Number of protein chains: 2
Amino acid sequence: MTTPARGLHARVLQALGPAITAGDYPPGSVLRTDELAQSFEVSRSVMREAVRVLESMHLVESRRRVGVTVRPTAEWNVYDPQVIRWRLAGRDRARQLRSLTVLRSAVEPVAAGLAARNAGPEQCAELTECALGMVATSRGHQLEGYLVHDVAFHRVILAASGNEMFARLGDVVAEVLTGRTQHQVMFEDPDPEAVTLHVRVAEAVREGDARRAEELTREITVGALHELDVLAP
Amino acid sequence: MTTPARGLHARVLQALGPAITAGDYPPGSVLRTDELAQSFEVSRSVMREAVRVLESMHLVESRRRVGVTVRPTAEWNVYDPQVIRWRLAGRDRARQLRSLTVLRSAVEPVAAGLAARNAGPEQCAELTECALGMVATSRGHQLEGYLVHDVAFHRVILAASGNEMFARLGDVVAEVLTGRTQHQVMFEDPDPEAVTLHVRVAEAVREGDARRAEELTREITVGALHELDVLAP
DNA sequence: GTGACACAAACATCTGACTTTTTATTCCGG
DNA sequence: CCGGAATAAAAAGTCAGATGTTTGTGTCAC
């Protein structure tokens, strides 16, 4: 699914990042680069690069004479897809999924409305194809196949909105959908009503009906929220 | 305004980052670490750390035998506050401001609605204080003072929503508001109607009227969009 | 108690050697 | 002429060690 860790420093990150986001090193904890380098059996240079990346994600702060301190959760760059992935794999996955789904419920309807105005024929076709794919895989425990089409569908909507910030939420939504499938926060088969809604959104976008696209997408995201309340209370 | 560059690698970043986001090195360009290190007069270690950070922002990709390639704009982590700041300082500030403002128009109304349900007395007080501060500085070319209260206001709303993802957009909104003030994409005095709307949002939140808070905030963001159309066509 | 000062801890930087991966080129057999 | 295998080279990746720099802390004189 994710690239299998190119480079030593990336492997260190894939161990350290999840540990920090999971709370193994609670905010305020102090790490020493040298010790970390030893425990991971890498050179200081490599460890320093890893720390720099964590620092750019605002997960830690490196200060002379003090060490590398873990920053308060409220300061983390939680829009970094990497951070999202780490957190979805960790403990408070439920809380994380909920706040992300609320974000989706704010953004995706507006994006769908814009998509209805801006989508080109190409994108409309893609959208229809995705929706059909979802229908085809909506029964018989084909969650992986369904996921692929679902992710693609929402990616196309966000991209077709013509707004760069929306488009870049494609990764975030992908993480959410993947996360809830992989971690069994999902029924065995997707909600048939949700599938229908996707098909109708594709229609609305094709017809350029912004208001309907927005409203239908709102129903999808509201449904996702409810589903979350049922499955991850 | 921003921290004045702690460490050598940060200083390199503050030069390279804006250069890349401004398009001085268009996507596909290949940089060599050694050359960069020489031209910035730093050691390779420092340059490597800087590159690693750029890589974590998905601005570049580093591959053996090839070099450091600038990635397509569509892949950048545009939610990284650092990246936002760099881009707002660069060329297509107008386009950037617009897409960020559209994002605000999707998120902030929903956040305000949630804030009306979740805000504690403390936050309500803060909100009122911010609104009053905005009123006080809304006349007589006090744009800097106004900005402070405006930023604080929206931060409180986003934080009071109780949703972590919304809360973390506080930095993004701050960048937008600061950006449009600093770069003269703003009238000499703020729109009086906008000021009034902020006061009324504070009221609505205090009274727990979610629907009204949402609707009023929508008016604020729609106004911001219109203002943008007028001032940065 | 307080302020100046010295010490030490941890990160920060530099350097040079060595390794590894990947790409391009060359060379050979068909 | 072509295709594939051997080869060379380029650039990032890794490491180890020396040295600089900031800063928290404790001490000592007053």
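Per an unreviewed UniProt entry, chain A carries the name FadR family transcriptional regulator and comes from Streptomyces physcomitrii.

**Student:** Residue-level account of the packing of helix α6 (residues 121-136) of chain A against helix α7 (residues 143-160) of chain A, with values.
**Tutor:** Residue and element names in this part refer to chain A. One way to put it is that α6 packs onto α7 with a least axis distance of 8 Å and a crossing angle of 155 degrees. Of the possible angle classes, the one that applies to α6 and α7 is roughly antiparallel. Every pair of crossing elements has a handedness; the one defined by α6 and α7 is left-handed. Contacts between α6 and α7 involve Q123, E126, L127, C130, A131, G133 and M134 from the first element and Y146, H149, D150, A152, F153, V156, I157, A159 and A160 from the second. Of the residues that constitute the contact of α6 with α7, the class distribution is 11 nonpolar, three polar and two charged.

**Student:** Kindly report on the interface of chain A and chain B, identifying the contributing residues and their values.
**Tutor:** Taken together, the contact between chain A and chain B spans 34 residues of the former and 35 residues of the latter. Taking both partners together, chain A and chain B bury about 3100 Å²; carbon and sulfur atoms supply 55% of that area. Summed over the shared surface of chain A and chain B, the result is seven salt bridges. Note that E49 of chain A and R52 of chain B form a salt bridge whose closest N and O atoms lie 2.1 Å from each other. Between chain A and chain B we count 21 residue pairs in polar contact (both at pLDDT 80 or more) in total. Sorting the residues of the side of chain A that touches chain B by element identifies α3 (44-56), α4 (81-89), α5 (93-118) and α8 (164-167) of chain A as the ones contributing at least two each. The dominant element in the side of chain A that touches chain B, judged by the number of residues it contributes, is α5 of chain A, at nine residues. The residue inventory of the side of chain A that touches chain B, partitioned by class, reads 16 nonpolar, eight polar and 10 charged.

Definitions and cut-offs
- Residues numbered from 1 in each chain as written.
- Chains lettered and ligands numbered in written order.
- Predicted model: local features only at pLDDT ≥ 70, side-chain atom pairs only at ≥ 80, totals over all residues.
- Heavy atoms only, no water.
- Axes fitted to C-alpha atoms, helices over the stretch in contact; angles between N-to-C directions.
- Helix = DSSP H or I, 4+ residues; strand = E, 2+ residues; numbered from the N terminus.
- Parallel < 35°, antiparallel > 145°, perpendicular 65-115°, else oblique.
- Left-handed = near helix turned anticlockwise from the far one by under 90°.
- Contact = heavy atoms within 4.5 Å.
- Nonpolar A, V, L, I, M, F, W, Y, C, P; charged D, E, K, R; others polar.
- Buried area = accessible area lost by both parts, 1.4 Å probe.
- Salt bridge = Lys/Arg side-chain N within 4 Å of Asp/Glu carboxyl O.
- Polar contact = N/O pair within 3.5 Å; in protein donor to acceptor, adjacent residues only side chain to side chain.

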